[in-house]
Amino acid sequence: MSAPVVLEGVFAGLNPEQRRAVEAVRGPVCILAGAGSGKTTTITRRIANQVATGAFAPTEILAVTFTDKAATEMRSRLAALGAAGVPARTFHAAALAQLRHFRGEALGEILPSKAPVLLPIARSLPVPFRFRPLADLATEIEWAKNRRIAPAAYRRSLGEHEPPIPPDLMERVFRTYEERKAGRVLLDFEDLLELAVRMYDEDPAAAAGFRERYRAFTVDEYQDVNLLQQSLLERWLGDRDELCVVGDDYQSIYSFTGATPEHLLAMPSRFPGALVVRLEDNYRSTPEILTLANRLVPGLGGSEKVLRATRPAGAEPLALVQPDRATELSFVVGQIRRLAGEGVPYEEMAILYRLNARSEDWEEALAVAGIPFQVRGAAFIRRPAAQRTIRLLRGRESASSLGAIAEAVRKQGWVASPAAGLGDEELTRQADLSRLLALAEQLPAGSSVADFLRDLEERFGAETEGRGVELLTYHRAKGLEWEAVFLPRLEEKELPYGRALRGDGVAEERRLLYVGLTRAKRWLTLTWTGKPSRFLEELGVTARAARAAKAPKPEPTPEFEALRRWRAERAKADEVPAYVVFHDSTLHEIAARRPGSREELSAVPGVGPAKLERYADGVLETLAATG
């Protein structure tokens, strides 16, 4: 039996706005909680106060959040406050428990992942789409089901939404997935919610029984609720208004799953008497970091929240243009070394990026520097492209590396220039395949597959388990915090990302950056090399240096055109993309210098020992022929 709730503990350390929310034990409450403002503390204290004041018994309250980890944390905090009997669950866990309680009969097997059903369907697609990651297809099905869209209505419901494969093929995948799942009596997580909604619509006794048991609801991360979850919440409530929601529309970054902040923003209009509380005191970041993050507020829309610092002043955020990608990598690694030397643990530093595919540059740079790191999600060598390539190379260790790797990536549907509109997982896979090809090209002439596999392990096998600098996407960073955060590649088509440059996409990309900025406690570093992100201007960061740092593109010369023709022929002969032979920038430099010997050619930036050995004769002969 848990100890009774002690009111002194419930109110200890709360600021005035948090206290307002905690004291409101009845009626609709909408808590608009800025980043780092103590939202979990506020809602758990409010629930404890509902119990302490006798407004509701612990078993009459249902707390709902989005992950098992968050639900466990909420239960732990409630138990520490003396409110251990309050159930805290995810939407899906709550729906499953209710279906089992009211329906009784077996529901069918619940799929932990859509992949087993999707795999044979995906493999039956036409060749260009056969290797699309199952995660992209699964996410698209979730996008539809979370909007309560059936396969028959899928195509006409797309609007501006762009699926990961052509709409007719995606509709076929969706329809076949549902048919095969039903044929095997399987349920996915969206089915649990849909079945619960239908049960309450069709069974008044079940609805009455549920509402008799649960009389008050608290929903965390309400900005991430989708239509299907909202529909279930409305069935739970009925005509009552004992609802407390907490969220931050500035951190709504999951529209690809069907989530929308509109339910949070519309709460006061749905419940005209609702108490609206804004939590703007930030307990995480320095004033300097918050000043920078707050500059995005005018463009974030929604319900305005301006974060106020409670921590002492610290270092100004760094925002620096870098002349090229290699220098950017070197600069960030240097900053990590400096902070580590000052006593900041590596685990308290993070590098954020927009796509998983960006991790490999940082994995390699940190490994070379001897800095431990950990990748949230999947490291380059553990992602599908590398894993399948390694499998395809088994038994061919003595074969020539370049030809074998080129063949392996082509078998996986590699394309030199991926089409627009691909899902994030497929873009990552294509980038990984290109990186594998480039790594093979960098090996000395005559290298074998065995040499390639050893090099791959040396470059990317250094990830440490649970320790080191964290590498992760902006999406995975939500809800986390570090002493020092690095945000590289703040460039157009990177953040905002290229395929998000229409509709509401740019607004969500801005929210992603806001999430990234507000993860930092004491140190924040922004860098870029290409065309600066439009968001840098909103932050008040000048882009003038970036424009000056990049030299104008050279005009093509006869020597350059001759070298480009030679490169095309050589790339065709080697069955590799042209850039694997030489980038345009390197060809321009060779054309400008007109080297007449191997020694002179080796001095050209971008011509390393491997390229010199492989291409020197062809380059020198081509230049000689131009006179």
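See the structure shown above.
Below, the structure is looked at part by part. (Residues numbered from 1 in each chain as written. Predicted model: local features only at pLDDT ≥ 70, side-chain atom pairs only at ≥ 80, totals over all residues. Heavy atoms only, no water.)

Once rolled over the atoms, a probe with the size of a water molecule shows which space is left empty. By the definition in use, this model includes two cavities of 30 Å³ or more. Size it by volume and the largest cavity reaches roughly 60 Å³. Contributing to the lining of the largest cavity are Leu-352, Tyr-353, Arg-354, Trp-362, Tyr-474, Pro-488, Arg-489, Glu-494 and Leu-495. Looking at the lining of the largest cavity residue by residue, the classes come out as six nonpolar, no polar and three charged. Taken as a whole, the second largest cavity encloses approximately 30 Å³ of empty space. Secondary structure elements with two or more residues in the lining of the second largest cavity: helix H16 (325–341) and helix H17 (359–369). Broken down by element, the lining of the second largest cavity gets its largest block of residues, three residues, from H16. For the lining of the second largest cavity, the residue count by class is two nonpolar, no polar and five charged. (1 Å grid on protein atoms, 1.4 Å probe; cavity = no way out; pocket = protein on both sides within 12 Å on 5 of 7 lines; lining within 4 Å. Points joined across faces, edges and corners; volume = space filled by probe spheres on them. Nonpolar A, V, L, I, M, F, W, Y, C, P; charged D, E, K, R; others polar. Helix = DSSP H or I, 4+ residues; strand = E, 2+ residues; numbered from the N terminus.)

Attention now moves to the pattern of salt bridges. Side chains that differ in sign of charge can pair as their charged atoms come close. For the coordinates displayed, the defined rule picks out 54 salt bridges. Here Glu-481 and Arg-284 are joined by a salt bridge, their closest N and O atoms 2.7 Å apart. Here the residue Glu-481 occupies a position in the loop between helix H22 (474–477) and strand S15 (482–487), and Arg-284 occupies one in the loop between strand S9 (281–282) and helix H14 (287–294), the gap between them amounting to 197 residues. By relative accessible area, which is 36% here, Glu-481 ends up partly exposed. Exposure remark for Arg-284: the relative accessible area of 10% places this residue in the buried category. Note that Glu-561 is salt-bridged to Arg-564, the shortest N-O span being 2.9 Å. A residue pair is termed a helical-turn pair when its members lie 3 or 4 positions apart in one helix, as Glu-561 and Arg-564 do in helix H26 (residues 558–574) at three residues. In this structure Arg-564 comes out as partly exposed when scored by relative accessible area, which is 32%. Members of the salt-bridge network, linked through shared partners, are Arg-358, Asp-361, Glu-364, Arg-435, Arg-489 and Glu-494. (Salt bridge = Lys/Arg side-chain N within 4 Å of Asp/Glu carboxyl O. Buried < 20%, exposed > 50% of the residue type's maximum accessible area, 1.4 Å probe, protein only.)

Moving on to helix H9 (residues 189–202). Between its first and last C-alpha, H9 extends 20 Å over 14 residues, near the 20 Å set by a 1.5 Å rise per residue. Every buried residue of H9 is listed here: Glu-190, Asp-191, Leu-192, Leu-193, Glu-194, Ala-196, Val-197, Met-199 and Tyr-200. Its side-chain oxygen at 3.2 Å from the backbone nitrogen of Glu-190, Asp-188 defines the N-terminal cap of H9. (Expected span 1.5 Å × (residues − 1). Polar contact = N/O pair within 3.5 Å; in protein donor to acceptor, adjacent residues only side chain to side chain.)

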